[in-house]
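Summary of the model geometry
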Amino acid sequence: MTDAHTTGTHGTGPFIAAIDQGTTSSRCIVFDKDGRIVSVDQKEHEQIFPKPGWVEHDATEIWENVQEVVAGAIVKAGITSADVKAIGITNQRETTLLWDKNTGEPVHNALVWQDTRTDALCKELGRNVGQDRFRRETGLPLASYFAGPKVRWLLDNVEGLRERAERGDILFGTMDSWVIWNLTGGTDGGVHVTDVTNASRTLLMNLHRMEWDEKILSSIGIPAEVLPEIRSSAEVYGHAKGGILDGVPVASALGDQQAALFGQTCFAEGEAKSTYGTGTFMLMNTGGTPVNSYNGLLTTVGYQIGDKPPVYALEGSIAVTGSLVQWMRDQMGLIKSAAEIETLASSVEDNGGAYFVPAFSGLFAPYWRPDARGVITGLTRYVTKAHIARAVLEATAWQTREISDAMTKDSGVELTALKVDGGMTSNNLLMQTLADFLDAPVVRPMVAETTCLGAAYAAGLAVGFWPDTDALRANWRRAAEWTPRMDADTRAREYKSWLKAVERTMGWVEDEES
Ligand SMILES: Nc1ncnc2c1ncn2[C@@H]1O[C@H](COP(=O)(O)OP(=O)(O)O)[C@@H](O)[C@H]1O
Ligand SMILES: O=P(O)(O)OC[C@H](O)CO
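Because the structure is a prediction, the values reported are computed rather than measured.

Turning next to the site of ligand 1. Around ligand 1, 16 residues are found, and the nearest of them are Thr24, Thr278, Gly322, Gly423 and Asn427. Thr24 places a side-chain nitrogen or oxygen 2.5 Å from an oxygen atom of ligand 1. A distance of 3.4 Å is found between an oxygen atom of ligand 1 and a side-chain nitrogen or oxygen belonging to Gln326. Among the elements that take part in the shell around ligand 1, helix H10 (residues 322-330) stands out by supplying four residues, more than any other. In terms of residue class, the shell around ligand 1 is made up of five nonpolar, 10 polar and one charged.

Below, the structure written as structure tokens:
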């Protein structure tokens, strides 16, 4: 399915191009110096579900789409490579690929971050190596979400792969590495790098030293030969070779959620944003020291600009939000477009007593329960598809509330307002519900494409297109705000019912199945 458009608001050059290789689509956006969008091109790729819980992407299709959308955005902007000062990369995180460095061919489809096939392996590693060690060294709980166990699964399950990897013929990368390697020449001298934010999602990087952790590598069973070099998020890694942007510096890489934090200009400690796409991810800047979580959040790298010290973040990750809306559209056929869920949900006053907990990949933050599975509860004959649509939207808002509560406990910072972005924020009912459930204002910036914007900002800083982060902050403009309207009693009662529904998801998958 192709889905492309331009905004038609042309600024004056020069420009920065940002590539966002996301879970459902790849897009390229050209930005001007004021951080305004000049052109956009976007293309969806296939979601491959070989078995329940397994999710894969065809990395060759993704690279073809990336080239197509880059060309599309440049042509729509009516510019040439000479007008583009740098290319920034942002990407779906954790999605894991191994490819042959001599042929450039992936050895298997990429294993997507939502894929749960490594649950049993994680359990085994937990027993043998210990959960605490991973938390302490990498900031992450041992879960199938992250890249390291996926690499091990591929090495164990693709015939002959381990030997090829040990011979030095195989490269591992998350989508940033794959795109940068191809963009800078692939088999003809492509650079094999990743940035600190993406590396901090592998369970393999030591969060305190910003280096691959040799002890963890040997406990998981991953040869160091496959690993990319870890670099900062904003520096020139190499130059595009071939294609429409031939010769342009490739100057940033950030995982998409960290890019959104950057694009929302959350540069001060305590500033937070939440991005509503396939999943939802709330990140809070915690400054120069990693903050341990005791409430089910992740400690991760927020960004690192060149040779400056890294900035850390606390993160609450929710696996299923926008993808639940997609499921209602594609698997259930209850709506024809994602936007239609708002019309359907608005046709009723409330959820009619129904609660939908979309634990399709188990539950991520704050629970980290791979044994959970989705439930719709509170059903009576009164409930209609409109009530279910409402419960779908409420699920996103309640899950955010749970993360926000955990963040306050871990950081001591009370949420005074939440900056939001991502595809789901075009849903007004959802944004109002979010303000109601959080009991805090929700604000959306003028440029809702903060993921690409963050990558563009980082690339622009690396090549001196923008002087510093203060210049970027000046570009942030509020476009919309929703303030809470729900009374405290209703909020408390509904929250209690939601938490009861969450309990019902737990323990569905028996030990031997997971
Ligand atoms: N009006 C809407 N209401 C609810 N969900 C929406 C709406 N528009 C888009 N979405 C959801 O948002 C997601 C797309 O957002 P996007 O930020 O592009 O995601 P990603 O970067 O994860 O690919 C899809 O999962 C889609 O179902
Ligand atoms: O592609 P998105 O926007 O769904 O983001 C995916 C996240 O990076 C997964 O950690």
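Once you've had a look at it, read on.
So, about the confidence of the model for the protein chain. Per-residue confidence for the protein chain averages 93 on the pLDDT scale, and 97% of its residues sit at or above 70. When the criterion is pLDDT under 50, residues 1-9 qualifies, and its contacts beyond four places in sequence or with other chains add up to 21 contacts. Interface confidence for the predicted complex, expressed as ipTM, amounts to 0.97; the pTM equals 0.90.

Tallied over the entire structure, the rule returns 22 aromatic pairs. Seen in terms of ring centroids, Tyr145 and Phe364 are 4.5 Å apart; in terms of plane orientation they differ by 35°. Their pairing is tilted. Of this pair, Tyr145 sits in the loop between helix H3 (131-138) and helix H4 (147-157) while Phe364 sits in the loop between strand S19 (355-357) and strand S20 (375-377), placing them 219 residues apart in sequence. Comparing Tyr145 with Phe364, the two get one shared label, buried. Aromatic side chains Phe364 and Trp368 sit 5.2 Å apart centroid to centroid with 20° between the ring planes, which places their arrangement in the stacked category. Accessibility classification places Phe364 together with Trp368 in one group, the buried group. The structure contains a cluster of three or more aromatic residues connected by ring pairs, namely Trp113, Tyr145, Phe146, Phe281, Phe364 and Trp368. Looking at Arg93, its charged tip hangs above the ring of Phe281, at a distance of 5.0 Å from the centre. The ring of Trp54 is capped by Arg117, whose NZ or CZ atom sits 3.7 Å from the centre of that ring.

Below, the discussion takes up the sheet that holds strand S3 (residues 37-44). Strand order in the open sheet formed by six strands is S3-S2-S1-S5-S14-S13, and the pairing between neighbours is mixed. Both edges of this open sheet fall to S3 and strand S13 (234-239), since each of them pairs with a single strand only. Between one strand axis and the next, the sheet turns through 25° on average, direction left out of account. As defined by bridge partners, strand S1 (residues 15-21) adjoins strand S2 (residues 25-31) across six bridges and the pair is classed as antiparallel. Pairing of Asp20 across the sheet is with Arg27, part of S2.

With that out of the way, let us pick up the UniProt feature "binding site: sn-glycerol 3-phosphate" (unreviewed entry) in the protein chain. Mapped onto this numbering, the UniProt entry gives "binding site: sn-glycerol 3-phosphate" (unreviewed entry) at Thr23, Arg93, Glu94, Tyr145 and Asp256. Residue contacts for Tyr145: discarding those within four places in its chain leaves Arg93, Glu94, Trp113, Lys150, Arg201, Phe281, Leu298, Glu315, Ser317, Phe364 and Trp368. A polar contact is formed between the side chain of Tyr145 and the side chain of Arg93, at a distance of 3.2 Å. As for its placement among the helices and strands, Asp256 is situated in helix H9 (residues 256-263).

Right, let's talk about the UniProt feature "binding site: ATP" (unreviewed entry) in the protein chain for a bit. Per the UniProt annotation, the sites labelled "binding site: ATP" (unreviewed entry) are Thr23, Thr24, Ser25, Thr278, Gly322, Gln326 and Gly423. The greatest C-alpha distance among the residues just named is 13.3 Å, despite their covering 401 residues of sequence, which places them together in space. As for its position among the elements, Thr24 is in the loop between S1 and S2. Residues within four places of Thr24 in sequence aside, it is in contact with Glu44, His45, Gln47, Thr278 and Gln326. Those residues in contact with Gln326 that lie beyond four places of it in its chain are Thr24 and Gln331.

So, about the packing of helix H12 (residues 385-411) against helix H13 (residues 428-438). Look at H12 against H13: their axes get within 9 Å of each other, and the N-to-C directions meet at 40°. In terms of orientation, H12 lies oblique with respect to H13. With respect to the hand of their crossing, H12 and H13 are arranged in right-handed fashion. For the pair H12 and H13, contact is made by Arg390, Leu393, Glu394, Thr396, Ala397, Trp398, Thr400, Arg401 and Ser404 and by Leu429, Leu430, Thr433, Leu434, Phe437 and Leu438, respectively. The residue inventory of the contact of H12 with H13, partitioned by class, reads eight nonpolar, four polar and three charged.

Criteria and cut-off values
In this numbering scheme, every chain counts its residues from 1 along its sequence in written order. Lettering for chains starts from A, numbering for ligands starts from 1, and both go in the order in which the items are written. Local features in a predicted model are, by the rule used here, given only for residues with pLDDT of at least 70; side-chain atom pairs are given and counted only at 80 or more, and totals for whole chains, interfaces and linings are based on all residues. Excluding hydrogens and water, the side-chain values take into account all heavy atoms of the structure. Definition of nearness: a residue and a molecule or strand are near each other if at least one heavy atom of the residue lies within 4 Å of the molecule or strand. Polar contacts, as counted here, are pairs of nitrogen or oxygen atoms within 3.5 Å of one another; within protein the pair requires one atom able to donate a hydrogen and one able to accept it, and residues that are adjacent in sequence qualify only if both atoms are side-chain atoms. What counts as a helix is a DSSP run of H or I of at least four residues, what counts as a strand is a run of E of at least two, and both are numbered from the N terminus. Amino acids are sorted into nonpolar (Ala, Val, Leu, Ile, Met, Phe, Trp, Tyr, Cys and Pro), charged (Asp, Glu, Lys and Arg) and polar (every other residue, Gly among them). Per residue, pLDDT measures the predictor's confidence, with a range of 0 to 100. Every residue pair with non-hydrogen atoms within 4.5 Å of one another is taken to be in contact. Aromatic pairing here means that ring centres of Phe, Tyr or Trp (its six-membered ring) are within 6.5 Å. Orientation follows from the plane angle: under 30 degrees is stacked, over 60 is edge-to-face, and everything else is tilted. When accessible area is computed with a 1.4 Å probe and restricted to protein chains, residues below 20% of their type maximum are described as buried, those above 50% as exposed, and intermediate ones as partly exposed. Any Lys NZ or Arg CZ found within 6 Å of a ring centre and within 35 degrees of that ring's normal is scored as a charge over the ring. Two strands form a pair only when DSSP identifies at least two bridges running between them. Axes, fitted as lines to C-alpha atoms, cover a helix only where it is in contact. Angles between the N-to-C directions of the axes lie from 0 to 180 degrees. UniProt positions are given in the numbering used here, feature names are shortened, and annotations may be inferred rather than shown by experiment. Put simply, angles under 35 degrees are roughly parallel, angles over 145 are roughly antiparallel, angles from 65 to 115 are roughly perpendicular, and the rest are oblique. Two helices that cross are described as forming a left-handed crossing if the nearer one is turned anticlockwise from the farther one by less than a right angle, and a right-handed crossing if clockwise.

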